[in-house]
Amino acid sequence: DIWQYDKIITDGSNVNRWQTMVDPHDPKYAAMVRYAEGVCRAVGIKYGLGHCEIKAKWDEQKQRWFDPCMIEIGARLAGGRKAIMASKTVP
């Protein structure tokens, strides 16, 4: 699954204004999916779960994300309530 966030800096702290689950098969996320798969393979995550946090730039003209940069990688579920929220949104 892919979660998109909107974060701002307020009084020196990152504030998560909203987050939503997006379709990983949507072509605008293709560069990020390929990048995350490559990072998982590079650190030895072949089977099971991998949590990969990535930042990328948005190309308004092409309507797609590009130039991904890894923030975090782990052989685990995403933190917080992501697993619970995902179970409620994915049939």
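Up top you'll find the structure we're talking about.
All of these numbers come straight from a predicted model, not from anything done at the bench.

> Explain the packing of aromatic side chains residue by residue, including any values.
In total, this model carries one aromatic pair according to the counting rule given. Between the NZ or CZ atom of Lys7 and the centre of the ring of Tyr5, over which it lies, the distance is 5.3 Å.

> Outline unusual backbone geometry, listing residues and values.
Phi is positive for Asp11, which is not a glycine, with a value near 50 degrees. In this fold, Asp11 is placed in the loop between β1 (2–10) and β2 (13–22). The backbone of Gln63 shows a phi angle near 55 degrees, a positive value even though the residue is not glycine. By the element assignment, Gln63 lies in the loop between β3 (51–59) and β4 (64–74).

> So, the environment of Arg34: which residues are in play, and what are the values?
When you line up the elements, Arg34 lands in helix α1 (residues 30–42). C-alpha of Arg34 to C-alpha of Pro68: the two residues are 34 residues apart in sequence and 9.7 Å apart in space.

> Give me the pairing of β1: which residues, what numbers.
Across a regular strand the side chains alternate sides, sitting on one face of the sheet and then on the other. Here β1 runs beside β2; their pairing, made up of nine bridges, is antiparallel. Residue pairing in the sheet places Ile2 in a bridge with Val22 of β2.

> Tell me what's going on with the nonpolar core, and back it up with residues and numbers.
Judged by nonpolar contacts, Ile2, Val22, Tyr29, Met32 and Trp65 together constitute the single largest core of five residues. Sequence-distant contacts of Ile2, that is, excluding residues within four places in its chain, are made with Thr20, Met21, Val22, Pro24, Tyr29 and Val33.

> Give me the lowdown on the environment of Ile71, citing residues and values where you can.
Here Ile71 shows up in strand β4. Distance from Ile71 to Ile54, taken between C-alpha atoms, is 5.4 Å for residues 17 residues apart in sequence. Leaving out residues up to four positions away in the same chain, Ile71 has contacts with Glu53, Ile54 and Lys55.

> Outline the pattern of salt bridges, supporting the account with residue identities and numerical values.
Here the structure, examined in full by the defined rule, presents two salt bridges. Between Asp6 and Arg17 there is a salt bridge; the shortest N-O distance is 2.5 Å. Here Asp6 is found in strand β1, whereas its partner Arg17 is found in strand β2, with 11 residues between them in sequence. With a relative accessible area of 17%, Asp6 lands in the buried category. The partner of Asp67 in a salt bridge is Lys57, with the nearest N and O atoms 3.2 Å apart. Here Asp67 is found in strand β4, whereas its partner Lys57 is found in strand β3, with 10 residues between them in sequence.

Conventions and cut-offs
All chains use their own residue numbering, which begins from 1 and follows the written sequence. In keeping with the model being predicted, local features are shown solely for residues with a pLDDT of at least 70 and side-chain atom pairs are shown and tallied solely at 80 or more, while totals for entire chains, interfaces and linings include all residues. Hydrogens are left out, water is left out, and the side-chain values use all remaining heavy atoms of the structure. Here is the rule: rings of Phe, Tyr and Trp (six-membered ring for Trp) pair when centre to centre is within 6.5 Å. Planes less than 30 degrees apart are stacked, more than 60 are edge-to-face, and the remainder are tilted. Only Lys NZ and Arg CZ are tested; either one counts as a charge over a ring when it is within 6 Å of the ring centre and within 35 degrees of the ring normal. Strands are runs of DSSP state E lasting at least 2 residues, helices are runs of H or I lasting at least 4, and numbering of each runs from the N terminus. When DSSP finds two or more bridges between a pair of strands, those strands are recorded as paired. We call a set of buried Ala, Val, Leu, Ile, Met, Phe, Trp, Tyr and Cys residues a nonpolar core when their side-chain atoms join them within 4.5 Å. Using a 1.4 Å probe on the protein chains alone, a residue whose accessible area is under 20% of its type maximum counts as buried, one over 50% counts as exposed, and one in between counts as partly exposed. Contact criterion: two residues are considered in contact whenever any of their non-hydrogen atoms come within 4.5 Å of each other. Only one rule defines a salt bridge in this text: a Lys or Arg side-chain nitrogen within 4 Å of an Asp or Glu carboxyl oxygen.

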